[in-house]
Amino acid sequence: MTGGQKEHTNSEVLTNGHGKSGVAVPSLQDGFIDIPETASYPTGSLDFLAKLQKQEDKRASTSVDAEEPSKVKLNITIVGAGLGGLAAAIALTRKGHKVTIFEQAPELGEVGAGIQIPSNSSRLLIKWGLEPFLAGKIVKPHNIAFRRWENGKAIGLTKLIPQFERDFDAPYYVIHRAHFHDAMYRLALKLGIDVKINSRVNEYDEASGSITLGNGESYSADLVIASDGLKSVARQIVLGGVDQAPRRTGFAAYRATVDVEKMKAYPDTAEILAKPNLNLWVGDLRHVMTYTIAGGKAFNMVLSHPDRSDPSTWNSQSPDKILSGMREHFNGWDPTLRKIIDMIDSTMKWPLMSGSTLKKWISSSGRLLIMGDAAHAMVPYMSQGAAMAVEDAAALAEAIHLAKNKSDLPQALHVWETVRRERSGQMQEASLINGKLWHFADGPLQQARDEGMAPEVDGRDFVSSPNQWSDPTTQRWCYGYDAEAEIRKAFSRTSKL
Ligand SMILES: Cc1cc2nc3c(=O)[nH]c(=O)nc-3n(C[C@H](O)[C@H](O)[C@H](O)COP(=O)(O)OP(=O)(O)OC[C@H]3O[C@@H](n4cnc5c(N)ncnc54)[C@H](O)[C@@H]3O)c2cc1C
């Protein structure tokens, strides 16, 4: 540097000496209008600044374990050690809170086979230091192929590699649920989180922040977080006594896995495995989502179909009856898909439920809150249910982190509740909309949809798409979302009021 010129660091360009901002803003005197630091309208024009800020943050933090402790330190009880409860425990412990989880099951684990970890979730998980615990277990799919029900012809295509990692700064993973859950559990243990199994919470005292277990033991905390799933008991307490439980959608999903060795025996089914892609066959009221898990050893399938029968009767059906029912639903579908369906030895049937936006997630005392499926159950068509729980967790830790003292806590929790209710409510809606987009019978709507997706397959430019994984606006909203930054933005808006 010569002639008295000052060398500007990235950090100065971004903050201009006024703390983190995202946009360089000249210093203005009182009385002049403020130039907004971030945009409230959908735009990508400020992305480069956010990217620089992230690089700056990465340089500043030397290891994933380094996290600035929160000023307000809480003693926190979490109910439920599902993916949501573990995510909350990890995010909060990293900020210096003392967390104990109570889980009713005698053993930890996850039911079902595969799960997608989209970029909006993987970005947070990687930051938390989960990646080493996932080693050898994850699959990084190259793309998502939408296929015509009848013949498997590609009708839509989302390129995940390299686009998602490049555009959203995080990979798109698929994994066996048991492996994902185990990785989260091991990270929780590494962080010193106390996970108590065989510990069913029977009662909540929301006014005092205490819980009572089935064996009569009671525990008090500054904050109780109920991540107790779709059938949450805490939800009704938070809502003041009248539950707003998730409702049936008239659809159910068969979940199954197929040994990839069986598929390798035939050229057409082997071709499906050639690249580790997600393949989605869509047709009249039905779809089949598939991908490989367990480091590529198992082929995961979710087969969605209409079913208005009472789920309580499903347990009494013989495994053979469930299998033959599944096959009947996909009679006449793509012969390659049919061949794979015939390779399924056993399956489970799941009712698909959806909640609607709840009026509140925090009890009147402010000592009990709900998150995860307890707060925002959704149909799995955006593959975002657990991802929303991971976002809830990161956002909650960030909101509490922004409280300067305990008296700020109610406001911090309120900001979290407002931001998360909106985000997860929109995701519930997007998930239901996929159910509409994918399930057209052959006819004018299906043809218009397929024409709308055709540029993806032909390699032509497009500004919108009926494929929500590819549609540029939906993509950015869904996968580019930064759960912590959104809380910081909401805080700065509230502090200006
Ligand atoms: C077919 C299907 C496919 C899906 N695919 C995806 C996907 O690809 N990507 C994605 O992100 N999401 C997906 N989801 C959604 C995802 O599985 C859920 O959103 C997520 O698992 C919810 O986690 P949770 O921790 O909130 O709830 P849960 O997993 O239900 O955990 C709740 C925990 O609380 C415990 N508990 C309940 N009551 C008590 C009590 N009183 N005392 C103590 N413990 C208690 C339970 O035993 C359980 O362990 C899918 C869902 C389905 C059905």
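Cut-off values and rules
- Residues numbered from 1 in each chain as written.
- Predicted model: local features only at pLDDT ≥ 70, side-chain atom pairs only at ≥ 80, totals over all residues.
- UniProt positions renumbered as here; feature names shortened; annotations may be inferred.
- Helix = DSSP H or I, 4+ residues; strand = E, 2+ residues; numbered from the N terminus.
- Rg over C-alpha atoms; globule rule 2.2 N^0.38 Å.
- Buried ≥ 20, exposed ≤ 12 C-beta atoms within 10 Å, placed from the backbone.
- Contact = placed C-beta atoms within 7 Å.
- Pairing = 2+ DSSP bridges.
- Axes fitted to C-alpha atoms, helices over the stretch in contact; angles between N-to-C directions.
- Expected span 1.5 Å × (residues − 1).
- Bend = angle between axes of the 7 residues up to and from the residue.
- Near = placed C-beta within 6 Å.
- Nonpolar A, V, L, I, M, F, W, Y, C, P; charged D, E, K, R; others polar.

Under the annotation held in an unreviewed UniProt entry, the protein carries the name Salicylate hydroxylase and is attributed to Exophiala viscosa. In its Sequence similarities (unreviewed entry) section, the UniProt record describing the protein reads: "Belongs to the paxM FAD-dependent monooxygenase family."

Colleague: For this particular structure, what's the right way to read the overall build of the protein?
Modeller: Looking only at helices and strands, the protein has 18 helices and 17 strands in total. Scaling as 2.2 N^0.38, a compact globule of 497 residues should have a C-alpha radius of gyration of about 23 Å, and the protein matches this with 24 Å. Overall size of the protein, expressed as C-alpha extent along the three principal axes, is 70 × 70 × 40 Å. A total of 497 residues make up the protein; the buried ones form 42% of that total. Pairs at least 24 residues apart make up 73% of the contacts formed inside the protein by residues separated by at least 6 positions.

Colleague: Looking at this structure, I do not really get the sheet that holds strand β8 (residues 201-205). What am I missing?
Modeller: Strands in a sheet are paired, the pairing made by backbone hydrogen bonds, and the direction either parallel or antiparallel. Taken together, the three strands give an open sheet; going across it, the order is β8-β9-β10, and neighbouring strands pair in antiparallel fashion. A single partner strand is all that each edge strand has here, and the edge strands are β8 and β10 (218-220). Adjacent strand axes in the sheet meet at a mean angle of 20° when their direction is disregarded. As paired strands, β8 and strand β9 (residues 210-213) are joined by four bridges and run antiparallel to one another. Its bridge partner being in β9, Glu-203 is matched across the sheet by Thr-212.

Colleague: Explain helix α16 (residues 444-458) here, please?
Modeller: Two residues of an α-helix separated by three or four positions point the same way, owing to the 3.6 residues in each turn. Here α16 is 15 residues long and its end C-alpha atoms lie 21 Å apart, about the 21 Å a rise of 1.5 Å per residue gives. Maximum bend of α16: about 35°, positioned at Gly-452, with proline Pro-455 one to four residues after it. Turning to α16, its buried residues are Gln-446, Arg-449, Met-453 and Glu-456. Residues of α16 that are buried make contact with β4 (143-148), β5 (154-159) and α15 (409-438). Once α16 finishes, Gly-459 follows within two positions and takes phi at roughly 75°, a positive value.

Colleague: Which parts of the structure should I look at to understand the sheet that holds strand β1 (residues 75-79)?
Modeller: Strand order in the open sheet formed by five strands is β7-β2-β1-β11-β17, and the pairing between neighbours is parallel. Looking at the sheet topology across the chains shown, the edges are occupied by β7 (194-196) and β17 (368-370). Across this sheet, the average inter-strand angle for adjacent strands is 20°, counted without regard to direction. As judged from the four bridges shared by β1 and strand β11 (residues 223-226), these two strands associate in the parallel manner. Bridge pairing in β11 places Ile-78 opposite Ile-225.

Colleague: Explain the site of the ligand to me, please; I cannot follow it from the model alone.
Modeller: As a structural note, the neighbourhood of the ligand is formed by 33 residues, with Gly-80, Gly-82, Gly-229, Gly-372 and Gly-385 the closest of them. Secondary-structure elements contributing two or more residues to the shell around the ligand are α3 (83-93), β3 (114-117), β12 (247-259) and α14 (385-402). If you tally residues by element for the shell around the ligand, the top one is α14, at four residues. Residues belonging to the shell around the ligand are distributed by class as follows: 16 nonpolar, 12 polar and five charged.

Colleague: Explanation requested: unusual backbone geometry in the structure shown.
Modeller: Leaving glycine out, the prevailing phi sign among residues is negative, and the prevailing peptide bond configuration is trans. With an omega dihedral of 0°, the bond running from Ile-161 to Pro-162 counts as a cis peptide bond. If you trace the backbone, Pro-162 turns up in the loop between β5 and α6 (163-168). Residue Asp-169 is not a glycine yet carries a positive backbone phi of 60°. As for its placement among the helices and strands, Asp-169 is situated in the loop between α6 and β6 (173-176). One non-glycine residue with positive phi stands out, namely Leu-285, at about 60°. Relative to the helices and strands, Leu-285 is located in the loop between β13 (278-283) and β14 (286-293). Residue Leu-285 is classed as partly exposed on the basis of its C-beta count, with 15 C-beta atoms lying within 10 Å.

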